[in-house]
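# Working through the structure, step by step
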Amino acid sequence: MKPVGMKSVLALDIGGTKLAAAVVGADGTARGRQVIGTKPEDGADRIIDRALDLAVAVRQEGQDGRHGQEQRGDDVVLTALGVSTKGITREDGVMIAGMPGWSRLHIPALLRERFPDMAISVMNDVKAATLAEMTWGALRGVRHGLYLNLGTGIAAGIVAGGELLEGTHGAAGEIGYILTDRAVLAEGGARGATLPEDLPAPLEERLGGRAVPGRTSHELGVALTMEQLTQRAGNDEKAAALLEDILSELEFWTINVATVVDPERIVIGGGFLRSPSDLCRRARAAFERVSPFCPDVRPAHFGADSALVGAGALALRAEAAPPSPILPTKRRGTT
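Remember, it's a predicted structure, so these values are computed and weren't measured experimentally. (Residues numbered from 1 in each chain as written. Predicted model: local features only at pLDDT ≥ 70, side-chain atom pairs only at ≥ 80, totals over all residues. Heavy atoms only, no water.)

With that settled, the discussion passes to the packing of helix H1 (residues 44–63) against helix H2 (residues 107–114). Running from N to C, H1 and H2 point in directions that differ by 35°, and their axes come no closer than 11 Å. Here H1 and H2 pass one another in a crossing that is right-handed. Between H1 and H2, the contacting residues are Ile-48, Asp-49, Leu-52, Asp-53 and Val-56 on the first element and Ile-107, Leu-110, Leu-111 and Arg-114 on the second. Class assignment of the residues belonging to the contact of H1 with H2 gives a composition of six nonpolar, no polar and three charged. (Axes fitted to C-alpha atoms, helices over the stretch in contact; angles between N-to-C directions. Helix = DSSP H or I, 4+ residues; strand = E, 2+ residues; numbered from the N terminus. Left-handed = near helix turned anticlockwise from the far one by under 90°. Contact = heavy atoms within 4.5 Å. Nonpolar A, V, L, I, M, F, W, Y, C, P; charged D, E, K, R; others polar.)

Taken in spatial order, the five strands line up as S10-S9-S8-S11-S12 in an open sheet, and their pairing is mixed. The open sheet is flanked by strand S10 (163–164) and strand S12 (296–299), the only strands paired with a single partner. Where strand S9 (residues 154–160) and S10 come together, two bridges link them in antiparallel fashion. Paired with Val-159 across the strands is Leu-164, a residue of S10. Along the sheet face, helix H3 (residues 125–135) touches strand S8 (144–150), S9, S10 and strand S11 (265–269) and points at about 45° away from the line of S9. (Pairing = 2+ DSSP bridges.)

Another aspect to go through is helix H9 (residues 276–290). In a regular helix each residue adds 1.5 Å, so 15 residues correspond to 21 Å; H9 covers 21 Å between its end C-alpha atoms and thus fits that length. Among the residues making up H9, those that are buried are Leu-279, Cys-280, Ala-283, Ala-286 and Phe-287. Along the axis of H9, the buried positions cluster into a sector of 130°, meaning they face one direction only. Among the exposed residues of H9, those oriented more than 90 degrees off its buried face are Glu-288 and Arg-289. Turning to H9, the residues buried within the fold contact S8, helix H8 (237–261), S11 and S12. (Expected span 1.5 Å × (residues − 1). Buried < 20%, exposed > 50% of the residue type's maximum accessible area, 1.4 Å probe, protein only. Arc of directions from axis to C-beta.)

Here you go:
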């Protein structure tokens, strides 16, 4: 048996804007990383096919020793796969994924079909990112912490007593569903939502990565990403004012969420911000102004790769202790 320090696993991250795969070692190092665009317009079936093809390619290269791993007289054998993806994955579908067609995918079965010889584990992408930071990154050794993901969607990972908090339905930290106005209570019923994936995510719809082009189009007359807005703010007063408004709102909700959790440390990650350290500085200053307790606020150690590395951490844990089975989805209104 190989020493644990030599152990490597296959990791796959299926995100809203990118698909990434790598071989992750026991030290958290990601080797042979390959990234392609998600292309959500292609549809859920095509996305999952391309993601699995990517994982197959990275696995093959990893086992052929083309990632630069030190070879100690034997081949690299990858026997575990960790997958991070949006929503809450169950055997019969995916809940609250926020990607068209994703709810009907039977992801565990597709993974077992493509990788029948591997131990497979699946985790929500933000929880996976939190796990990476807990295992090797900025939340290592933290008993009470908060990982705040600002990307295509907005969500949090909560560390309580040194453990990642799952919640009753696996939805702990889904702060995108926080109601931003009492009117949303009536709007939700008016929209006729019957399943969790049909429900609006008010905070995410206001501040998530997909919301920014709509806000810039309305206020600046052109649809811009957060990165483009940040660049334009350097010489455009209206863009600078809008950027300041968005960052101020992010500070506001960071403090509100932290008040509930009472973390010793907050880690900010995701691909939404060009420079998470800027928001960290702003958040620290805001905590000092208005909060009775001021947590340490840091950028994520693994940056936009936190979910990918976390998928590797999940697979390494699964090999040490097999994961609980993925349960069937319990639909709303059923017992």
